[in-house]
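# A look at the structure
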Amino acid sequence: MKILKILALFISVNASMYAQDQTKIFDVTPELPKPGTEITITYDATTTILKDAKQVSGRLYMYDNFKWNISDITLKPAGDKKWQTKVKLSDHAALITCVFTSDTLVDKGGKITYSWMLQASPGAYIGWGMLRSPVFADEVPNIVEESSHIKDSVVVMWVNYELQYHPESRKKIFYNALKVAQIVRGGDFSNRIKKEVRFILTNELDNQDQYNVTRTLNLLAQPANKIFTDSVQEVLLKKYPKGVLARDNEIKKMFSEADFDKKIKQYTEFEKNFPKEKFLDVTTDIENLYNDKLFKSIAYNYIVKNKDYNFAINSVKKVSFNLLLDYSWHLVSIPFDRDREGAEAASIETLKKYADAIIAEMEAREAYVPKEYTQKLSLKEWQEQALKYGAREYFTYAKILEIFKDYKGEKKYLEKIKPILSYKDATYNEVYTKMLLREGKTAEAKEYMAICIKENNTTPAMLASLKEIYLKEGGAATGFEAYLNSLKSQDNIQEHKNKLISELINLPIESFDLESSKGGKVKLSDLKGKIVVLDFWATWCGPCKNAMPGMQMAVKKYQEDANVNFYFVDTQEYIKDFKAQTQAFIKEKGYDFTILYDGKNSKTGKFDETYEKYAKAFKFSGIPQKMIIDQNGKLRWQSTGYFGSPSALADEISIIIEYLKAEKK
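First things first, this report covers the structure right here in the doc. The model shown is predicted, which means the values in this text are computed figures rather than measured ones.

Now for the overall build of the protein. Summing up its helical and strand segments, the protein has 26 helices and 16 strands in all. Considered along the principal axes of its C-alpha atoms, the protein spans approximately 95 × 70 × 50 Å. Counting every position in the protein, which comprises 665 residues, the buried fraction comes to 50%. Partitioning the intrachain contacts of the protein with sequence separation of at least 6 by distance along the chain shows that 67% fall at a separation of at least 24. Roughly 33,100 Å² of accessible area belongs to the protein as shown, and the carbon and sulfur atoms make up 52% of that amount. For the protein, the separation between the mean place of its 98 positive charges and that of its 90 negative charges on side chains is 2 Å.

As structure tokens, then:
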């Protein structure tokens, strides 16, 4: 036994000091720190990917009481490419691991990791084992590289050391220990699992312990162990009638309830019996799987059945961040962008009222990490993730504030999401440019638009603004096109061109005979000798409408070319007056389009005869659907969907047209 203790001590100390003994990259002083004391962390970047870093920050992961506490750290220069920071260890710190970053570079320490064990603390050994085990990848922070992974048998070794030197850890690690031991030993492991569960049930269990018992039962094969599983669950429910298992059962029960009134009563009782604040220390699979869906079904049923939005809006402080995003998308963004998404119109005052409540709560949530991420992300990481996920909703809010002439508020949110959408999203670029011009920042707007053009993420409105600036600065109208081309990235254009040409096809295509919005009918067979661009769309299709500014740019470019014809085939319509609505939409937007109305399908009665014929022949589905037919009447190119940039779409159409023109010669 004495030899084993010496060996275990050697292994633990060696694990703590492995990094600095091998490379001197990562060092902690004092060498044998105690929980609750201050330590100095030194990072020598000389031989790392951060060797040329001008600043270094990172994250400190502390395993304390069998949970990970994560904090952001900033290091100060300490000479010779060394960086240092001081941190205070938590009162029960058992293991620390660091990740160092600079801009987009991340140094996780490779095989050795940047870790330090405090082996006198419960959790040190199993924390060190789980951190590097693929078996527990979903239960530990993603802070080690694959090269540091260890075999399951080695994890079992660390589990055994944990139990040997910290027998008090047994109640906290039994699930993890059984999970990996079952994998290593194989065969029927049920007797060992049952024995451990019986022992654990003799203890007083907190929420996480209760959940671990439930998870341990899932390790047992069913239905062979159903009697044992049922009996343990009965014990849990009797001993903890308002505990974790009882809560999970109620969530599943409510989710399955079909009667809406009963579901409301159940949920009201549920909130009394299982207050949210009593379960902040545990997140179960059932909660993750059903809780948001349950609450959303209640909120949206109120809306659908009673046109009552109050339940949703009044619940913003209690729902998850993901559900806040869902609220914002369905209750604000979709109706606000009704022309883009085909939704019903909504009062702008009402949308602002909803957005005011939802956006305020979204921003409030950025101040703390939600419980489901507390052992995964630092506060800074969470804030970056929350901003990324919420950028679309913040952008909608900025556009609403512009309508109300709250330009200060609009600017706040445009600047907030600038790191996410700037230069990448054409619609954002247009709104941001408009803001700069309104503020009189002409030079800044011009510079911003130049970058957008290089990235090929511009809109017709932006190009019109740029042309106005160009003319005011003395440029000749005839020289604007050349000026515009000078701003574009020729490398990007050539790369785009090569990709498109490689996608060309050469297939026969059946003719159509469709009614035109400009009178008479159009037959494809009559258009031989011309290049024909078809765009299948519908009034209810948001992406179709989003793509139209780009298509308008292409139409305008070739408006004087009699050998290039554009037709916008209105298909799959289901409202009676779709022709009138189509014309009203085109007129409102000022598009110079020739609309063709798809014929009635004799098989289905739907207005999709031509679309269905082509979709079947060329194996595509969905709209918008772009098709380009050459002078010989052959289909040469097709594309489904819209990817967000009007200028990129216009270039795409132009590249194909010019190639087909040159090919004919």
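What follows continues from the structure just given.
It is worth spelling out the state of the cysteines at this point. Overall, the coordinates contain one disulfide when judged by the stated rule. A sulfur-sulfur distance of 2.3 Å marks the disulfide that ties C541 to C544. Judged by the sign of its S-S torsion, about 80°, the cystine formed by C541 and C544 is right-handed. Neither C541 nor C544 differs from the other in exposure class; each is buried.

Turning next to unusual backbone geometry. The omega torsion of the bond from T29 to P30 falls at 0°, within 30 degrees of zero and hence cis. Tracing the sequence through the fold places P30 in the loop between β1 (26-29) and β2 (38-44). With omega at 10°, the peptide bond leading from Q222 into P223 counts as cis. Tracing the backbone shows P223 in the loop between α6 (207-217) and α7 (226-239). The backbone phi angle of D103 is positive, close to 55°, even though this residue is not glycine. With respect to the helices and strands, the residue D103 is situated in the loop between β6 (93-102) and β7 (105-107). We note that T113 has phi near 60°; this positive angle belongs to a residue other than glycine. On the basis of relative accessibility, which here comes to 0%, the residue T113 falls in the buried class.

Moving on: the sheet that holds strand β15 (residues 625-629). Judged by pairing direction, the sheet is mixed, and its eight strands sit side by side in the order β9-β16-β15-β12-β13-β14-β10-β11 without closing on themselves. Two strands lie at the open edges of the sheet, namely β9 (507-508) and β11 (521-523), each paired on one side alone. Bridge analysis of strand β12 (residues 531-537) against strand β13 (residues 564-570) gives seven bridges, and the strand direction is parallel. When the bridges of β13 are listed, F536 appears paired with V569. Against the sheet, helix α25 (residues 609-618) engages β9, β10 (513-516), β12, β15 and β16 (634-640), with an angle of about 105° to β12.

By size, the foremost hydrophobic cluster in this structure holds 74 residues, and its most contacted members are Y327, L331, I358, M362, L414, I417 and Y428. Tallying contributions element by element places helix α15 (residues 379-403) first for this core, with ten residues. Of all hydrophobic cores here, the second largest spans 54 residues; its members include F512, V533, C541 and V564.

Between its terminal C-alpha atoms helix α9 (residues 260-273) stretches 20 Å, which fits the 20 Å expected from 14 residues at 1.5 Å a residue. Where α9 is concerned, the buried positions are F260, K263, I264, Q266, Y267 and F270. Summarising the axial view, the buried residues of α9 lie within an arc of 165°, below the 170-degree limit, and thus occupy one face. Opposite the packed face of α9, turned more than 90 degrees from it, sit the exposed residues D261, K265 and K272. Considering only its buried residues, α9 is in contact with α8 (244-256) and α10 (285-306). Two or three places before D261, at the opening of α9, D259 has a side-chain oxygen 3.0 Å from that residue's backbone nitrogen.

Attention now goes to the packing of helix α16 (residues 407-416) against helix α18 (residues 426-438). At a closest axis distance of 11 Å, the pairing of α16 and α18 adopts a crossing angle of 135°. As far as their axial angle goes, α18 and α16 are oblique. The two elements α16 and α18 meet at a crossing, and its hand is left-handed. Only Y428, V431, Y432, M435 and R438 of α18 make contact with α16, whose side of the interface consists of Y407, E410, K411, L414 and E415.

Glancing now at the packing of aromatic side chains. Within the structure shown, the criterion is met by 44 aromatic pairs. The interplanar angle of 70° and the centroid separation of 6.1 Å between the aromatic rings of F26 and W116 together place this pair among those described as edge-to-face. Of the two residues, F26 is situated in strand β1 and W116 in strand β8 (residues 115-117); the sequence distance between them amounts to 90 residues. Residue classification places F26 among the buried residues on the basis of a relative accessible area of 0%.

Evaluation of the coordinates by the stated rule reveals 39 salt bridges. Of the charged contacts in the structure, one is a salt bridge between E361 and K317, with a shortest N-O distance of 3.2 Å. Linking E361 in helix α14 (residues 348-365) with K317 in the loop between α11 (310-314) and α12 (321-336), this pair joins segments that are 44 residues apart in sequence. One salt bridge connects E503 with K499, and the closest N-O pair in it is separated by 2.6 Å.

Let's shift gears to helix α3 (residues 152-165). Compared with an ideal rise of 1.5 Å per residue, which puts 14 residues at 20 Å, α3 spans 20 Å between its outermost C-alpha atoms and is within 8% of the ideal. Those residues of α3 that fall on the buried side of the exposure criterion are V155, V156, W158, V159, Y161 and E162.

Let's shift gears to the packing of helix α20 (residues 460-472) against helix α21 (residues 480-487). For any two helices packed against each other, one specifies the crossing angle of their axes together with the interaxial distance. Relative to each other, α20 and α21 sit at 115°, their axes nearing to 11 Å. The two elements α20 and α21 cross, and the hand of that crossing is right-handed. Within the contact between the two elements, α20 uses L463, L466, K467 and Y470 and α21 uses F480, Y483, L484 and L487. Along the lines of polarity and charge, the residues of the contact of α20 with α21 split into seven nonpolar, no polar and one charged.

About the thresholds
Residues numbered from 1 in each chain as written. Predicted model: local features only at pLDDT ≥ 70, side-chain atom pairs only at ≥ 80, totals over all residues. Heavy atoms only, no water. Helix = DSSP H or I, 4+ residues; strand = E, 2+ residues; numbered from the N terminus. Buried < 20%, exposed > 50% of the residue type's maximum accessible area, 1.4 Å probe, protein only. Contact = heavy atoms within 4.5 Å. Areas by Shrake-Rupley, 256 points an atom, 1.4 Å probe, with all protein chains shown as cover. Lys, Arg positive; Asp, Glu negative; His and termini not counted. Charge placed at Lys NZ, Arg CZ, Asp CG, Glu CD. Disulfide = S-S within 2.5 Å. Pairing = 2+ DSSP bridges. Axes fitted to C-alpha atoms, helices over the stretch in contact; angles between N-to-C directions. Core = buried A, V, L, I, M, F, W, Y, C linked by side-chain atoms within 4.5 Å. Expected span 1.5 Å × (residues − 1). Arc of directions from axis to C-beta. Polar contact = N/O pair within 3.5 Å; in protein donor to acceptor, adjacent residues only side chain to side chain. Parallel < 35°, antiparallel > 145°, perpendicular 65-115°, else oblique. Left-handed = near helix turned anticlockwise from the far one by under 90°. Phe/Tyr/Trp six-rings, centres within 6.5 Å; stacked < 30°, edge-to-face > 60°. Salt bridge = Lys/Arg side-chain N within 4 Å of Asp/Glu carboxyl O. Nonpolar A, V, L, I, M, F, W, Y, C, P; charged D, E, K, R; others polar.

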